[in-house]
Amino acid sequence: MRRFFKRLLQVALFIALLVGAAAFWKREEIGRLLTVNSLFSEEKIVHNFSHMDQAFLTVTMARDGGKVSPLPAGDPLVLPAGTEGWIKDRAVTGLVVLKDGTLRHESYYLDTSPDDRRISWSVAKSFLSALTGIVLEQGAIASLDDPVENYAPALKGSAYEGATIRNVLNMSSGVVFNEDYLDFNSDINRMGRVLALGQSMDAFAAGLSETFAPPGATWQYVSIDTHIIGMVLRGATGQSIPDLMQKYLVQPMGFEADPVYITDGGGVAFVLGGLNLPTRDYARFGEMFRRSGEWNDTQIVPADWVTQSTRPSAATAPGAEQYGYQWWIAPDAPAGEYFGRGIYGQYIYIDRDNGVVIAVNSADRGFRQDGVHAANIDMFRAIAAAMD
């Protein structure tokens with residue numbers, strides 16, 4: 001009996017050593033997984049949103065030592081009544097307001113810094129849309145009506161086979177994708193664990209097999225559609241998204257900080273929401289779009305692409321928010337108004353006709369509550385009107 005217990009103890013110690021060794025070997029993956037599970041917690045969300053490079057694998061895009069494009073200061077803006085309460089209620093961390101290219105307001109909150117590289121979430125989709133317009137003009141993509149598998153053969157046999165580039169730009173792929181952040185087993189949360197564990201986003205996307213409608217038949221916001229755009233661009237050019245972004249956007253734009261992309265285990269950028277920039281650089285990007293793609297006397301994004309991508313083209317429901325190529329348009333939008341939008345209160349709001357660009361970063365855990373998004377758009381419009 002004593003020999004039996006001695007042997008049992010030896011086995012238990014051996015198992016404990018194996019578990020300990022596995023935990024040490026996978027300590028980074030385990031750490032990232034724990035971070036993902038508490039990413040949006042009340043006590044950590046503000047810090048996490050400004051330090052995503054501490055939570056995920058990342059790649060940095062170099063500015064290459066170029067000069068920072070100035071944002072010349074204009075007359076200080078007196079923010080409209082109610083702005084202070086809105087900033088507090090919506091957990092705003094950064095607010096930058098431009099009028100005709102001049103900096104009229106800049107402020108930061110919740111102990112964050114002007115130099116923080118803040119997570120964009122789905123505002124990153126609008127950056128990838130811009131890159132798509134550039135690659136299309138260069139001829140690497142023949143037509144937006146080409147099937148995505150022409151450029152990303154891994155998608156053959158998946159739910160995406162037969163969907164066109166235009167379909168995924170419009171979020172009209174018809175692919176089943178559960179985007180409920182409160183459901184642990186939703187597709188969006190499974191995707192987060194793919195990133196945390198250093199697995200492959202391409203394999204995750206190609207593994208989706210269900211559709212709810214034929215491609216192009218209906219609109220439904222499906223974030224993984226944007227990853228498919230990234231796969232198409234990589235296949236069309238033979239280059240990574242960070243390399244393309246660095247060459248065609250980051251360096252010619254004169255950003256003030258080296259942007260950071262979250263990546264999967266293979267170094268593939270998390271293009272649907274993983275871009276990190278200071279709030280001022282989000283404003284620079286918005287101002288470039290307000291100028292029809294021109295910046296520093298250089299046409300960065302084709303002017304016709306700016307027009308095409310920011311007008312309603314998706315088959316959204318009547319009276320609902322409208323969608324273009326990875327840009328949003330309010331149902332009551334006046335001419336020239338559109339915006340990029342990300343979860344937890346990230347925005348680039350553009351009012352072209354009135355010369356206004358507003359960049360906002362937030363850590364708003366109440367962003368899904370009824371009326372919050374509409375109130376945000378109302379606030380942007382009030383800020384724009386205060387500069388008349």
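For the structure, see preceding data.
Notes on the structure in this doc start here. (Residues numbered from 1 in each chain as written. Predicted model: local features only at pLDDT ≥ 70, side-chain atom pairs only at ≥ 80, totals over all residues. Heavy atoms only, no water.)

Notes on the overall build of the protein
Here is step 1 of the chain: Each helix and strand counted, the protein has 13 helices and 13 strands in total.
Here is step 2 of the chain: Against the compact-globule benchmark of 21 Å for 388 residues, the protein has a radius of gyration of 22 Å, which places it among compact chains.
Here is step 3 of the chain: With the C-alpha coordinates of the protein rotated into their principal frame, the extents come out at 90 × 45 × 45 Å.
Here is step 4 of the chain: Here the protein, with 388 residues, has 54% of them falling under the buried criterion.
Here is step 5 of the chain: Of all intrachain contacts in the protein linking residues separated by at least 6 positions in sequence, the fraction that spans at least 24 positions is 66%. (Helix = DSSP H or I, 4+ residues; strand = E, 2+ residues; numbered from the N terminus. Rg over C-alpha atoms; globule rule 2.2 N^0.38 Å. Buried < 20%, exposed > 50% of the residue type's maximum accessible area, 1.4 Å probe, protein only. Contact = heavy atoms within 4.5 Å.)

Points about the sheet that holds strand β5 (residues 260–262)
Here is step 1 of the chain: Sheet architecture is open: four strands sit in the order β1-β5-β6-β4, paired in antiparallel fashion. Bordering the open sheet on either side are β1 (58–60) and β4 (118–119), each of which pairs with just one other strand.
Here is step 2 of the chain: Pairing analysis gives three bridges linking β1 to β5, with the strands arranged antiparallel. Within the sheet, the bridge partner assigned to Thr60 lies in β5 and is Val260.
Here is step 3 of the chain: Together, β4 and β6 (275–277) form the strand contacts of helix α11 (residues 279–290), whose direction differs from that of β6 by roughly 105 degrees. (Pairing = 2+ DSSP bridges. Axes fitted to C-alpha atoms, helices over the stretch in contact; angles between N-to-C directions.)

Some words on the pairing of strand β3 (residues 102–108)
Here is step 1 of the chain: For β3, a buried count of five out of seven residues is recorded, marking the element as mostly surrounded by other parts of the structure.
Here is step 2 of the chain: Pairing of strand β2 (residues 92–99) with β3 involves six bridges; the strand directions are antiparallel. Opposite Gly94, over in β3, you have Tyr108 as the bridge partner.
Here is step 3 of the chain: Joining the antiparallel neighbours β2 and β3 is a turn of two residues, in which Asp100 adopts a positive phi near 50 degrees.

Looking at the side chain of Lys99
Here is step 1 of the chain: Within the secondary structure layout, Lys99 lies in strand β2.
Here is step 2 of the chain: Within the buried core, Lys99 has no salt-bridge partner, and the shortest N-O distance to an opposite charge, that of Asp100, equals 4.4 Å.
Here is step 3 of the chain: Sequence-distant contacts of Lys99, that is, excluding residues within four places in its chain, are made with Arg104, Asn354, Gly355, Val356 and Met387. (Lys, Arg positive; Asp, Glu negative; His and termini not counted. Salt bridge = Lys/Arg side-chain N within 4 Å of Asp/Glu carboxyl O.)

A word on the pattern of salt bridges
Here is step 1 of the chain: Throughout the structure, instances matching the rule amount to 15 salt bridges.
Here is step 2 of the chain: As a salt-bridge pair, Asp115 and Arg280 come within 3.2 Å of each other at their nearest N and O atoms. Of this pair, Asp115 sits in the loop between β3 and β4 while Arg280 sits in helix α11; the two residues are 165 residues apart in sequence, bridging distant segments of the chain.
Here is step 3 of the chain: Here Asp115 falls in the exposed class, since its relative accessible area comes to 55%.
Here is step 4 of the chain: Salt bridges sharing common partners tie together Glu106, Asp115, Glu256, Arg280, Asp281 and Arg284.

Some thoughts on helix α9 (residues 224–237)
Here is step 1 of the chain: With 14 residues, α9 extends 20 Å between its outermost C-alpha atoms, agreeing within 8% with the 20 Å of an ideal straight helix rising 1.5 Å per residue.
Here is step 2 of the chain: Across the 14 residues of α9, eleven count as buried, placing the element largely inside the fold.
Here is step 3 of the chain: Turning to α9, its buried residues number three or more, namely Ile224, Asp225, Thr226, His227, Ile228, Ile229, Gly230, Met231, Val232, Leu233 and Arg234.
Here is step 4 of the chain: Its buried side turned inward, α9 meets α5 (124–138), α6 (165–169), α7 (187–196), α8 (201–206) and α10 (241–253).
Here is step 5 of the chain: Following α9 by one or two positions, Gly238 has its phi on the positive side, about 75 degrees. (Expected span 1.5 Å × (residues − 1).)

Digging into the packing of aromatic side chains
Here is step 1 of the chain: By the definition in use, this model includes 23 aromatic pairs.
Here is step 2 of the chain: Between Phe49 and Tyr344, the ring centres sit 5.7 Å apart and the planes meet at 85 degrees, which makes this aromatic pair edge-to-face. Taken together, the residues span a long stretch of sequence, with Phe49 in helix α3 (residues 45–49) and Tyr344 in the loop between β11 (337–342) and β12 (346–351) at a distance of 295 residues. For the pair Phe49 and Tyr344, one class covers both residues: buried.
Here is step 3 of the chain: An angle of 40 degrees between the planes, with centres 4.5 Å apart, marks the rings of Tyr344 and Phe367 as tilted. Highlighted residues: Tyr344 in the loop between β11 and β12 and Phe367 in the loop between β13 (356–362) and α13 (372–385), separated in sequence by 23 residues.
Here is step 4 of the chain: Accessibility expressed as a relative area gives 15% for Phe367, which makes it buried.
Here is step 5 of the chain: Here the aromatic cluster, defined as three or more aromatic residues joined through ring pairs, consists of Phe127, Tyr282, Phe285, Phe289, Trp327 and Tyr338.
Here is step 6 of the chain: The aromatic ring of Phe184 is capped on one face by Arg193, whose charged end is 4.0 Å from the ring centroid.
Here is step 7 of the chain: Seen from the ring of Trp328, Arg341 lies directly overhead, with NZ or CZ sitting 5.5 Å from the centre. (Phe/Tyr/Trp six-rings, centres within 6.5 Å; stacked < 30°, edge-to-face > 60°. Lys NZ or Arg CZ within 6 Å of the ring centre and 35° of its normal.)

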